[in-house]
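Analysis of the macromolecular model
So you can see what is in the structure, the chains are spelled out below.
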Amino acid sequence: MSDAKSSAATKDFDAIVVGAGFSGMYMLHKLRELGLSARVFEAADGVGGTWYWNRYPGARCDSESYYYAYSFSKEIQQEWNWSCRYPEQPEILRYLNFCADKLDLRRDIQFNTRITGARYNDTTHRWDIETEDGKRVSARYFITAVGCLSAAQIPNIKGLESFRGKWYHTGKWPHEGVDFTGKRVGIIGTGSSGIQAIPVIAAQAKHLTVFQRTPNYTVPARDAPMPADFQKTVKATYDEITRKTRASVFGMPFDFPEQSALEATPEQRKAIYDSWWDKGGFGFLLSSYNDLIINKEANETAAEYVRAKIRDIVKDPVTAEKLTPRTYPIGTKRPPIDTDYYETFNRENVTLVDIRSLPIEEITPKGIRTSEAEYELDAIVFATGFDAMTGALFKLGIHGKGGIALEQQWAHGPQTYLGIATTGFPNLFIITGPGSPSVLSNMPVSIEQHVEWIAGCIQYMRAHNLDSIEPSEDAQRTWVAHVNELANETLFPQADSWYMGANIPGKPRVFLPYTGGVGPYRDRCAEIAEKGYEGFVMT
Ligand code: FAD
Ligand code: N01
C-alpha cells in the first residue's frame, strides 16, 4: 500500500526525487515499478538536467553516444538512433525527451519547482520538503538526483555589475542562443566547457579573447557521423557492451590496458600515442597504458607527447608556451577532448591572455582589466565550471536527525557510505554522491547502478517492514578512509581540480569521487546488499 495522500497543507508521497536528468528520470521509473507514489521536483521547465542547461556553442558529450545512454531498456536502445560519435547538446536533450515520453514520466514531474528545504522529522520519521514558493510535501524516502555538475560557479570578480555588455555562464545558457557575429567576446575558463566553446565562438565573433588561468591538456575528439553498419553492430551487441561498461574501471566498454608506459621504448610509446591521438577521444589516456594515473614518470610520457603536439600545432611559440600545461600531471583534472582547440589560437581574431601571471583585477563597464591592460568587450562568457558534487546538494537545505545541517556535517569534506547515504540522515539517498565513482566514470552507467541499488534497498525495506536506513558510523568512517586511501595511491590529488574542491574558495580539499573503479565498486555494493545491507542500521 502506498502512503500517497494529500491535504490542503501538505502532500505526502512514498518518495520524493529532486532533479529530472538521467538520474531522476530513471529513479522515477524504478519507483513506479515498485508501486510507490513518487514525485520528482525539477527547477527547469523540462527534463534533461545537464543537457537542458548547457546550451553553449559547441556543447556535446565526450563519452561516445552508443554508451552515453541508458542501458536498462532494450526498447529505447533499439528505437533510438545516434547521428554521430559525440552528439551535440540538442540531440542528447531530444534523446532524454524521447525517454521521458516513452516511459510516460512527465505526469509525475513537477517542473519549474526548486527545492530549498528538506528536514528529517524526528517524530514522523519522514522528510518534510519545501519548495521555493513555500509549498510543503513529505515523503518517507528523499532521493537527490541534483547532478554533480549543476551548481554553476561564477567567480566573484570586482565590477561585474558595472559591465555594460552581456555576460553568460556556459551552464545557464539562454535557450534562444547567442549571436556573437561582429562582437568582441571574452571567455574566462579553459576547462571542458571553454575548450568546446572557444573554437565555435572564435569562428563567429569579430574577436575572441581567452582569459586562461591554467592551461589544459586536450586530445582531439575526432567526431564523425555514426556509420550505419556500426549502428547495426552496436544494436546487435548491446548486451555485451553493457556487460563491459558495468565491469570496467571507467564505465566505458574498453579493455583496460595491460602494459606500463615505462615498459615500452620511446619509439613504441610514440606509435601507441600517435595511434590513440589519431583515433581521438579518451582512448589516449584510458587505453594506452595502465599506469598513467598512478605513476608520475609514466604520466610524464603522455604529458610530454601532448606538449609536443601543442608546439607542432600552434604557430606562435609564445602562445604555444602559454598553452602548455606544466604544473600538474595529465588526466588529474577532468580531461577534455576537443575539436580544433589548439588550432584556434592560430586565428588572427583570437588572443590568449595568461591571467595566472597577469591576473584579472576587475570587470569594468567596457570589459576586463588585467594587471597589464584593459580588454574592451561586448560580451563575457564564464566557462568557470561548477561547485561540483556538493554544491547542488547543499542548496537543498538538507537537515537530518536533531536538525543537523548536511553542510555542517560535511564541513571538513563529505562523509558517506558508498557515496549513497550518510549517517544521521535516514532514508536520504544520494545518486552519484561523493565517495562513489560518479564523475570519474561514464555517468549513465554509474547512475543506473545507483538507481537500481536504491530501488533494491527500498524494496528490501518494504518486504521486511523496515522504516528507516542509515549507515553506521563505523561503516561510514571505514568507507571514507578507503576512498581517501585509494585516491592517495593515484596522482589525482596533485592537481588543483574541481575533483579536489580546489575551484571553490574555502571548499575543503578532499578528493571527491571514488577511484576504485566502476566494476569493483558495483561488486562491493551488491555484496553489501546481499549481506542484508551490511554496514547500515535499519529499524
Ligand atoms: P543533472 O543532469 O545535472 O540533473 C540534475 C537536475 O537537478 C537539473 O535538471 C537541475 O535543474 C535539478 N536540480 C538541482 N537542484 C535542484 C533543486 N534544488 N530543486 C529542483 N531541481 C534541482 N558525463 C559523462 O559521463 N559523459 C559526458 O560526455 C558528459 N558530458 C558533460 C557535458 C557537460 C557540459 C556537463 C556540464 C556535464 C557532462 N557530463 C558528462 C556529466 C553529466 O552531468 C552527467 O553525465 C549526467 O548528465 C548527470 O545527470 P544527473 O541526472 O545526475 O544530473
Ligand atoms: O569547468 P572546469 P567546465 N578566474 O571547472 C577557470 C563536465 N563537462 O564547465 O583550471 C579565472 O573544468 C578554471 O581555471 P583553473 C566535465 O566533467 C564535460 O569546463 O581552475 N579562471 C578552468 O579553466 C568537466 O570537467 C564536457 O585555474 C577561473 C575553468 O575556469 C566539468 O563538466 C563539457 C576562475 C573551469 O573549468 C566542468 O567543466 C563541459 C576564476 N576565478 C563540461 N574560476 C564534455 O565535453 C574558474 N576558472 C563532456
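Each value, and the rule that gives it
- Residues numbered from 1 in each chain as written.
- Chains lettered and ligands numbered in written order.
- Predicted model: local features only at pLDDT ≥ 70, side-chain atom pairs only at ≥ 80, totals over all residues.
- Heavy atoms only, no water.
- Helix = DSSP H or I, 4+ residues; strand = E, 2+ residues; numbered from the N terminus.
- Rg over C-alpha atoms; globule rule 2.2 N^0.38 Å.
- Buried < 20%, exposed > 50% of the residue type's maximum accessible area, 1.4 Å probe, protein only.
- Areas by Shrake-Rupley, 256 points an atom, 1.4 Å probe, with all protein chains shown as cover.
- Phe/Tyr/Trp six-rings, centres within 6.5 Å; stacked < 30°, edge-to-face > 60°.
- Lys NZ or Arg CZ within 6 Å of the ring centre and 35° of its normal.
- Near = heavy atom within 4 Å.
- Polar contact = N/O pair within 3.5 Å; in protein donor to acceptor, adjacent residues only side chain to side chain.
- Nonpolar A, V, L, I, M, F, W, Y, C, P; charged D, E, K, R; others polar.
- Pairing = 2+ DSSP bridges.
- Axes fitted to C-alpha atoms, helices over the stretch in contact; angles between N-to-C directions.
- Contact = heavy atoms within 4.5 Å.
- Disulfide = S-S within 2.5 Å.

**Digging into the overall build of the protein**
Along its length, the protein carries 17 helices and 21 strands. Over its C-alpha trace the protein gives a radius of gyration of 23 Å, about what one expects of a compact globule, namely 24 Å for 539 residues. Along the three orthogonal principal directions, the C-alpha set of the protein runs to about 70 × 55 × 45 Å. For the protein, the proportion of its 539 residues judged to be buried stands at 59%. In the form shown here, the protein has an accessible surface area of approximately 22400 Å², with 49% of it arising from carbon and sulfur atoms.

**Brief notes about the packing of aromatic side chains**
Per the counting criterion, the structure on display carries 45 aromatic pairs. Considering the side-chain rings of tyrosine 273 and tyrosine 289, the 5.5 Å spacing of their centres and the 85° angle between planes classify their relative orientation as edge-to-face. Taken together, the residues span a long stretch of sequence, with tyrosine 273 in helix H8 (residues 266-279) and tyrosine 289 in the loop between helix H9 (283-286) and helix H10 (296-313) at a distance of 16 residues. For tyrosine 273, a relative accessible area of 2% translates into the label buried. Clustering of aromatic rings is evident, with ring pairs tying together Phe22, Tyr26, Trp51, Tyr68, Tyr70, Phe72, Trp80, Trp82, Tyr95 and Phe98. Seen from the ring of tyrosine 52, arginine 55 lies directly overhead, with NZ or CZ sitting 4.8 Å from the centre. A cation sits over an aromatic face here: lysine 279 above tryptophan 276, 3.9 Å from the ring centre.

**Quick word on the site of ligand 1**
Around ligand 1 lies a shell of 31 residues, among which Ser23, Glu42, Asp62, Tyr68 and Met443 are the nearest. A distance of 3.0 Å separates an oxygen atom of ligand 1 from a polar side-chain atom of tryptophan 53. Between a nitrogen atom of ligand 1 and a main-chain N or O atom of isoleucine 115, the distance comes to 2.9 Å. Burial of ligand 1 by the protein amounts to 95% of the accessible area it has alone, namely 980 Å². Broken down by secondary-structure element, the contributors of at least two residues to the shell around ligand 1 are helix H1 (22-33), helix H2 (50-53) and helix H15 (443-463). The class makeup of the residues in the shell around ligand 1 is 16 nonpolar, 12 polar and three charged.

**Quick look at the sheet that holds strand S8 (residues 166-169)**
Strands sit in the order S8-S17-S9-S10-S13 across an open sheet of five strands; the sheet is parallel. In this open sheet, the two strands that pair with only one neighbour each are S8 and strand S13 (350-354). Averaged over all pairs of adjacent strands, the angle between strand axes in this sheet comes to 20°, irrespective of strand direction. Sheet topology places strand S9 (residues 184-188) next to strand S10 (residues 207-212); five bridges connect them, and they run parallel. Directly across from arginine 184, in S10, lies its bridge partner histidine 207. Contacts from helix H5 (residues 192-204) reach S9, S10, S13 and strand S17 (379-382), with the element oriented near 170° to S9.

**Some thoughts on the site of ligand 2**
Among the 24 residues in the neighbourhood of ligand 2, the closest are listed as Ser193, Gln196, Arg213, Thr214 and Lys333. Lysine 333 is positioned such that a nitrogen or oxygen atom in its side chain is 2.7 Å from an oxygen atom of ligand 2. At 3.3 Å, a side-chain N or O of arginine 334 approaches an oxygen atom of ligand 2. Burial of ligand 2 by the protein amounts to 87% of the accessible area it has alone, namely 900 Å². The element best represented in the shell around ligand 2 is H5, accounting for three residues.

**Section: the state of the cysteines**
Per the counting criterion, the structure on display carries zero disulfides. We note that cysteine 99 lacks a disulfide partner, and the nearest cysteine sulfur, in cysteine 61, lies 14 Å from it. Using a relative accessible area of 0% as the deciding quantity, one classes cysteine 99 as buried. Looking at the unpaired cysteine 457, the closest cysteine sulfur is the one in cysteine 525, lying at 11 Å.

**As for the pairing of strand S15 (residues 367-370)**
The pairing of strand S14 (residues 360-363) with S15 spans three bridges and is antiparallel. Paired with isoleucine 360 across the two strands is threonine 370, which belongs to S15. Between S14 and S15, which pair antiparallel and follow one another directly, the connecting turn spans three residues. Taken together, the three bridges between S15 and strand S16 (residues 374-376) define a ladder with antiparallel strand orientation. Looking across to S16, one finds that arginine 369 is bridged to glutamate 374. Connecting S15 to the next strand, S16, in antiparallel fashion are three residues.

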